[in-house]
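Given next are the chains, with one letter for each unit.
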Amino acid sequence: MTEQDYLNRLFIRTYNSQLDGHQHPYHQVLIPLSGSIHLMLETKTVQVNYGEVYIIPKHRYHQFKADQLFRFLVINLEDIDFLPMQHGDEVHDFLDDKTLCYLNIIEKQLMTEFNETINDYLLQLLIEFLRTINVNKQIDSRLLHAISVMKKDIGAKHSLASLANIACLSQSQFKKLFKQQLDITPKAYLASLRMQMARGLIINTDMPIAMIAEKCGYRNCSAFIRRFSLFYYDTPQNFRAKRQ
């Protein structure tokens, strides 16, 4: 395939644990369908997890590595005018539940058959979902540090006190600033991260539900099942069965 053939198309890719690097003359949208990927861009290292999207600007040299069992949706775009971003900026943001559900449809289609017309429509709708990303919203660096700690070990016991301490804020200051900037409380945000992780493990692994609950920070499996059912309107067992 020529370079032009890779533009404006959806691909599912896997990588490996060997560090590799390149640059390309198009913007690349990278969305983990399972697991995470480590990216090294100039002076910074970024981990992109399931539930997130990362957009690498054209001509930006980057290195990457990931477990070869993980899968990623990749879209190469000549233009990203649908995002109000500055030239040369990267985008690293969270995907909402609607977009995550839609990614299941895309993955199923790409894994079962090739239909260029359907794939074009899937891409157009995905771009509309990505258009809702608010790249101009600046998050306080103290909050980003606390969020990074949460994401590095989602299953750990992150209390309001420990997160506020990481952010060098009082508990009341941290809670108020978090709510102001992310429109969600720290507790609800952590629960959402855990549910996204659980969803990925349920769909993409055969790991027992009790083990998934523990990895997602729930010592009581019944409490995990209740939370999952409230979040996704289905039990973990039924959720897995419907997607197999």
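Provided above is the structure to which this section pertains.
Just so you know, these numbers come straight off a predicted model, no measurement behind them. (Residues numbered from 1 in each chain as written. Predicted model: local features only at pLDDT ≥ 70, side-chain atom pairs only at ≥ 80, totals over all residues. Heavy atoms only, no water.)

**A closer look at the sheet that holds strand 3 (residues 27-32)**
Here is step 1 of the chain: The five strands are arranged 1-8-3-6-9 in an open sheet whose pairing can be described as antiparallel. The strands lining the two open edges of the sheet, one partner per strand, are strand 1 (10-13) and strand 9 (91-94). Ignoring which end each strand starts from, the neighbouring axes of this sheet average 20 degrees apart.
Here is step 2 of the chain: Here six bridges tie strand 3 to strand 8 (residues 72-77), and the two strands are oriented antiparallel to one another. For Ile31, the partnering residue across the bridge sits in strand 8 and is Leu73. (Pairing = 2+ DSSP bridges. Helix = DSSP H or I, 4+ residues; strand = E, 2+ residues; numbered from the N terminus. Axes fitted to C-alpha atoms, helices over the stretch in contact; angles between N-to-C directions.)

**Overview of the environment of Thr235**
Here is step 1 of the chain: Relative to the helices and strands, Thr235 resides in the loop between helix 8 (221-232) and helix 9 (236-242).
Here is step 2 of the chain: What makes Thr235 partly exposed here is its relative accessible area of 27%.
Here is step 3 of the chain: Each C-alpha atom of the pair Thr235 and Phe224 lies 9.8 Å from the other, and the pair is 11 residues apart in sequence.
Here is step 4 of the chain: Of the polar contacts made by the side chain of Thr235, one reaches the backbone nitrogen of Asn238; its length is 3.1 Å. (Buried < 20%, exposed > 50% of the residue type's maximum accessible area, 1.4 Å probe, protein only. Polar contact = N/O pair within 3.5 Å; in protein donor to acceptor, adjacent residues only side chain to side chain.)

**Considering empty space enclosed by the protein**
Here is step 1 of the chain: Counted according to the given criterion, the structure contains one cavity of 30 Å³ or more.
Here is step 2 of the chain: For the largest cavity, the calculated volume is near 60 Å³.
Here is step 3 of the chain: Taken together, Pro32, Leu33, Tyr50, Leu100, Leu103, Asn104, Glu107, Arg199, Gly200, Ile203 and Asn204 make up the full set of residues lining the largest cavity.
Here is step 4 of the chain: The set of elements that each furnish at least two residues to the lining of the largest cavity consists of helix 1 (97-112) and helix 6 (186-204).
Here is step 5 of the chain: Residue classes in the lining of the largest cavity are distributed as six nonpolar, three polar and two charged. (1 Å grid on protein atoms, 1.4 Å probe; cavity = no way out; pocket = protein on both sides within 12 Å on 5 of 7 lines; lining within 4 Å. Points joined across faces, edges and corners; volume = space filled by probe spheres on them. Nonpolar A, V, L, I, M, F, W, Y, C, P; charged D, E, K, R; others polar.)

**Focus: the side chain of His158**
Here is step 1 of the chain: Mapped onto the fold, His158 is located in the loop between helix 3 (141-152) and helix 4 (160-166).
Here is step 2 of the chain: At 2.7 Å, the side chain of His158 forms a polar contact with the backbone oxygen of Asp153.
Here is step 3 of the chain: With near-sequence residues (within four places) excluded, His158 lies in contact with Val149, Met150, Asp153, Leu163, Leu190 and Arg194. (Contact = heavy atoms within 4.5 Å.)

**Here's the deal with the sheet that holds strand 4 (residues 36-41)**
Here is step 1 of the chain: Ordered by their spatial adjacency, four strands build an open sheet running 2-7-4-5, and the pairing between neighbours is antiparallel. For this open sheet the edge positions go to strand 2 (20-22) and strand 5 (44-49), each flanked by a neighbour on one side alone. On average, each strand axis in the sheet is inclined to that of its neighbour by 25 degrees, with strand direction left out of account.
Here is step 2 of the chain: Relative to strand 5, strand 4 runs antiparallel, the two sharing six bridges.

**Thoughts on the layout of surface pockets**
Remark: the empty space left among the atoms is shown by a probe the size of a water molecule rolled over them.
Here is step 1 of the chain: Looking at the second largest pocket, its volume works out to about 580 Å³.
Here is step 2 of the chain: As for the second largest pocket, its lining consists of 27 residues, of which Gly35, Ser36, Phe70, Met197 and Leu201 are closest to the centre.
Here is step 3 of the chain: Looking at the lining of the second largest pocket, the elements with two or more residues in it are strand 5, helix 3 and helix 6.
Here is step 4 of the chain: The element that contributes the greatest number of residues to the lining of the second largest pocket is helix 6, accounting for six residues.
Here is step 5 of the chain: For the lining of the second largest pocket, the residue count by class is nine nonpolar, 11 polar and seven charged.

**Structural notes on the state of the cysteines**
Formally, a disulfide is one covalent bond, and it connects the sulfur atom of one cysteine to the sulfur atom of another.
Here is step 1 of the chain: On inspection of all chains with the given rule, the structure shows zero disulfides.
Here is step 2 of the chain: With no disulfide of its own, Cys216 has Cys221 as its nearest cysteine by sulfur position, at a separation of 11 Å.
Here is step 3 of the chain: Take Cys216: its relative accessible area is 0%, and that puts it in the buried class. (Disulfide = S-S within 2.5 Å.)

**A word on the environment of Val74**
Here is step 1 of the chain: Within the fold, Val74 resides in strand 8.
Here is step 2 of the chain: For Val74 and Pro32, which are 42 residues apart along the polypeptide, the C-alpha to C-alpha distance reads 8.7 Å.
Here is step 3 of the chain: With residues near it in sequence (within four places) discarded, Val74 still touches Arg9, Leu10, Phe11, Arg13, Tyr15, Gln28, Val29 and Leu30.

Geometry only, nothing functional implied.
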